[in-house]
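# Coordinate inspection notes
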Number of protein chains: 2
Amino acid sequence: MVDCVRVVVDAMGGDFAPEEPVKGAVAALAEREDLHIILVGQEDVIRRELEKAEYPKERLSVVHAGEVIETGEPPVNAIRKKKDSSIVVGMNLVKKGEADAFISSGSTGAVLVGGQLIVGRIRGIERPPLAPLIPTERGMALLIDCGANVDARSSHLVQFAKMGSIYMENIMGVKTPKVGLVNIGAEEEKGNALVKETYPLLKECKDINFTGNVEARDIPAGVCDVVVCEAFVGNVILKLYEGVGATMLKKIKGGLMSSLRSKIGAVLIKPALKETMKAFDATQYGGAPMLGLNGLVVKTHGSAKAGEIKNAVFQAIQFKQQRINEKIKENMIFGQDKQEV
Amino acid sequence: MVDCVRVVVDAMGGDFAPEEPVKGAVAALAEREDLHIILVGQEDVIRRELEKAEYPKERLSVVHAGEVIETGEPPVNAIRKKKDSSIVVGMNLVKKGEADAFISSGSTGAVLVGGQLIVGRIRGIERPPLAPLIPTERGMALLIDCGANVDARSSHLVQFAKMGSIYMENIMGVKTPKVGLVNIGAEEEKGNALVKETYPLLKECKDINFTGNVEARDIPAGVCDVVVCEAFVGNVILKLYEGVGATMLKKIKGGLMSSLRSKIGAVLIKPALKETMKAFDATQYGGAPMLGLNGLVVKTHGSAKAGEIKNAVFQAIQFKQQRINEKIKENMIFGQDKQEV
């Protein structure tokens, strides 16, 4: 018999809870034998959802959590006070070793704070980054960090580069992933104090494939696989990606409705356009992993549907089976050894 | 007779020099009576271009500058050593009061350094920002700063907000322009040290219409008219705008070529799509002004054609006639008075 990976799914998080998280979890169980799902949240609500579905009862358990953390709540407060919330209860299962991963579409702030305070960092990791995949012309790139770690130091960025490389190589199957440092010019001497300090440190790293500075213009073209930046800049990149994309599509759609000729054309191009936009959608790869923790925490979109939850569960299985955290630990110890020399 | 605004055009700057800068300057002269153009650069080259054109000789002069600053050159060095370059000679004309504005498609770095070192800052202005217009769903927004001022302080951002408001109100005709501070969340307490320090200062400013934090996602939707940020973040925003736009268009075009049906559709939608994309093009408004200098410096794209140069000249005329610098000076003195109270 295969070893089961134990994945906690927050049944109360996101705009479509509990339906979509429960559906996604059940769908994942149907496709994978090596999986045990733990649904956490209000038990009666979850049980009611489960009644609608067929699933292997021996591989799904429900853990009750009476409270729900809302999106607007101050995260640190919420994590400290709502001990019986689905996020706190779910993360405690990972902390105690009763589960390998925790997936939530709930409050990003609470997930980030909970990851740090409850699940806890791997020894030697200074800050755990949140690392979503962003679409590029050539596939996907990992944007690291988009989390709550503003005002980062250069040593943090070096760890982001290493963890990001391990993730892209082992989860996304990119061989010796290209690591780029987000900067305002391609030359080494460009940039603010943080990136000027980080550049030589990354250049020295033997265990990553550092390809130098990357200008924001070249990120969508896919010139690198691991896009390293501090969280403020990462957040701007992630959200502007969404914003520019949405505005352009709206403008184009508006333009297509401007004449009879273009309206007919619009009908003809619709299937091709839809297919193109689908290839540009990151949700098919699951959610954004929070790396460097004693276990895996995955943040799925607030608007995640069952498909994204299911993919996040698969991502968690692969994370465990590829022994990502063991690889991060080996890498970080190696990094410390080097410093001692 | 109307007072002429005297605009220097760098005939040697950009990918299409000298043809396009000269053409653009001549085109501007044909449309405006209240304009005197000074073309600066290698005189024989400029004269050869001018032979192809018809123009009012009494309103165009040529000032010789033998050297050219290349895009790759370290800017500070270039400005210091190439005293006979078109950028240095042209900016000196503004400094000496022999011209009102300087327009160049040449090296951005050299233009920024020259603006600071040669043209010089208005008394009280701590850092002169570069402020391009970016397209939004509702028109255009001013992104301030995208210049070389990395590691900015909160007092700089306050000045950017004030100068940007004056520019949008007087040049773009936006009444009480909405000012947003780029941040990673909408709430006041979010952000890095710089924006947390800047937020209350902007809130106190009586002379601007500060609407709070703006997330990068909402910039393309046009929720504010003046987008305030430090230069590193501004540069990322500007270049990612370009990058995401270019990649999406490429993807869409590729998608349209994927089947016969979509190919026919593509032919039908082409005119409407072109029209839509034109409305999304910032070059129709000229170039990016560098604000807070004793005169106006405008940076046009390296790939600027005659049309953009012409529009930058019009922008310079309006800048002078609307007395922008006088308004900035009044505003800054007012700002100092307030501090003394």
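Please read these numbers as outputs of a predicted model, since none were measured by experiment.

Before going further, it helps to examine the sheet that holds strand β9 (residues 226-228) of chain A. Residues and elements named next belong to chain A. Taken in spatial order, the five strands of this open sheet run β5-β6-β9-β7-β8, and their pairing is mixed. This sheet does not close on itself; its edge strands, each paired only once, are β5 (133-136) and β8 (209-215). Ignoring which end each strand starts from, the neighbouring axes of this sheet average 30° apart. Direction of pairing for strand β7 (residues 178-183) relative to β8: parallel, over a ladder of five bridges. Directly across from N183, in β8, lies its bridge partner E215. In the packing of helix α7 (residues 193-204) onto the sheet, the strands contacted are β7 and β8, and the crossing angle to β7 comes to about 165°.

A few words on the relation of the copies chain A and chain B. Copies of the same chain, two in number, are related to each other by a rotation about an axis and a translation along it. For these two chains of identical sequence, chain A goes onto chain B by a turn of 180° and a shift of 0.0 Å along the axis, with RMSD 0.1 Å. Each copy turns onto its partner about a two-fold axis. Taking the C-alpha atom as reference, chain A places G265 of chain A closest to the rotation axis, 2.0 Å from it. Most of the interface of chain A is mirrored in chain B, where 100% of its interface residues again form contacts.

All names here are of chain B. Along strand β5 (residues 133-136), one buried face is formed by L133 and P135 and the opposite face, lined by I134 and T136, is buried too. Pairing between β5 and strand β6 (residues 139-144): four bridges, direction antiparallel. Each bridged residue has a counterpart across the sheet, and for P135 the counterpart in β6 is M140. Counted along the chain from β5 to the antiparallel partner β6, the turn is two residues long.

Over the atoms rolls a probe the size of a water molecule, and its path tells where empty space is left. Per the stated rule, a full pass over the model turns up one cavity of 30 Å³ or more. Together, I252, I269 and L273 of chain A together with I252, L256, I269 and L273 of chain B line the largest cavity. Mapped by element, the contributors of at least two residues to the lining of the largest cavity are α9 (260-279) of chain A together with α8 (231-256) and α9 (260-279) of chain B. Residue composition of the lining of the largest cavity, by class: seven nonpolar, no polar and no charged.

For helix α6 (residues 154-170) of chain B, which comprises 17 residues, the first-to-last C-alpha distance of 25 Å matches the rise-based estimate of 24 Å (1.5 Å per residue) to within 8%. With 15 of its 17 residues buried, α6 of chain B lies for the most part within the structure.

Here we come to the interface of chain A and chain B. Many descriptions give the size of an interface as the accessible area lost when the pieces come together. Facing the 51 residues of chain A at the interface are 51 residues of chain B. Across the interface of chain A and chain B, roughly 4900 Å² is buried in total on both sides, 74% from carbon and sulfur atoms. For the pair chain A and chain B, the interface holds six salt bridges. Where E215 of chain B meets K239 of chain A, a salt bridge forms, and the shortest distance between an N and an O atom there is 2.2 Å. One can count 16 residue pairs in polar contact (both at pLDDT 80 or more) joining chain A with chain B. For the side of chain A that touches chain B, the secondary-structure elements that each account for two or more residues are β7, α7, α8 (231-256) and α9 of chain A. Per element, the largest residue contribution to the side of chain A that touches chain B is 20 residues, and it comes from α8 of chain A. Here the residues of the side of chain A that touches chain B are counted per class, giving 29 nonpolar, 13 polar and nine charged.

This next bit is on the packing of aromatic side chains. This structure, assessed with the given rule, holds four aromatic pairs over all chains. With centroids separated by 6.3 Å and ring planes inclined at 45°, the aromatic side chains of Y167 of chain B and F319 of chain B adopt a geometry described as tilted. A residue pair is termed long-range when its members are at least 10 positions apart, and Y167 of chain B in helix α6 and F319 of chain B in helix α10 (residues 306-321) qualify at 152 residues. The same class applies to Y167 of chain B and to F319 of chain B, which are both buried. In this structure, K57 of chain A is placed above the aromatic ring of Y55 of chain A, and the distance from its NZ or CZ to the ring centre is 4.6 Å.

All names here are of chain B. Residues V45, I46, E49 and L50 constitute the buried set of helix α2 (residues 43-51). On an axial view of α2, the arc spanned by its buried residues comes to 135°, and they lie on one face. Packed against the buried residues of α2 are α1 (19-31), β2 (35-41) and β3 (60-64).

Hydrogen bonds between backbone groups are what pair the strands of a sheet, and the pairing can be parallel or antiparallel. All names here are of chain B. Pairing within the open sheet is mixed, and its five strands lie in the order β5-β6-β9-β7-β8. At either margin of the open sheet sits one strand with a lone partner, and together these are β5 and β8 (209-215). Ignoring which end each strand starts from, the neighbouring axes of this sheet average 30° apart. Note that β6 and strand β9 (residues 226-228) share three bridges and pair parallel. Across the sheet, residue L142 finds its bridge partner in β9, namely V226. Contacts between α8 and the sheet are confined to β5, β6 and β7 (178-183), with β5 contributing the most and set at about 50° to the helix.

The rules we used
Residues numbered from 1 in each chain as written. Chains lettered and ligands numbered in written order. Predicted model: local features only at pLDDT ≥ 70, side-chain atom pairs only at ≥ 80, totals over all residues. Heavy atoms only, no water. Pairing = 2+ DSSP bridges. Helix = DSSP H or I, 4+ residues; strand = E, 2+ residues; numbered from the N terminus. Axes fitted to C-alpha atoms, helices over the stretch in contact; angles between N-to-C directions. Contact = heavy atoms within 4.5 Å. Least-squares fit on C-alpha atoms with pLDDT ≥ 70 in both. Buried < 20%, exposed > 50% of the residue type's maximum accessible area, 1.4 Å probe, protein only. 1 Å grid on protein atoms, 1.4 Å probe; cavity = no way out; pocket = protein on both sides within 12 Å on 5 of 7 lines; lining within 4 Å. Points joined across faces, edges and corners; volume = space filled by probe spheres on them. Nonpolar A, V, L, I, M, F, W, Y, C, P; charged D, E, K, R; others polar. Expected span 1.5 Å × (residues − 1). Buried area = accessible area lost by both parts, 1.4 Å probe. Salt bridge = Lys/Arg side-chain N within 4 Å of Asp/Glu carboxyl O. Polar contact = N/O pair within 3.5 Å; in protein donor to acceptor, adjacent residues only side chain to side chain. Phe/Tyr/Trp six-rings, centres within 6.5 Å; stacked < 30°, edge-to-face > 60°. Lys NZ or Arg CZ within 6 Å of the ring centre and 35° of its normal. Arc of directions from axis to C-beta.

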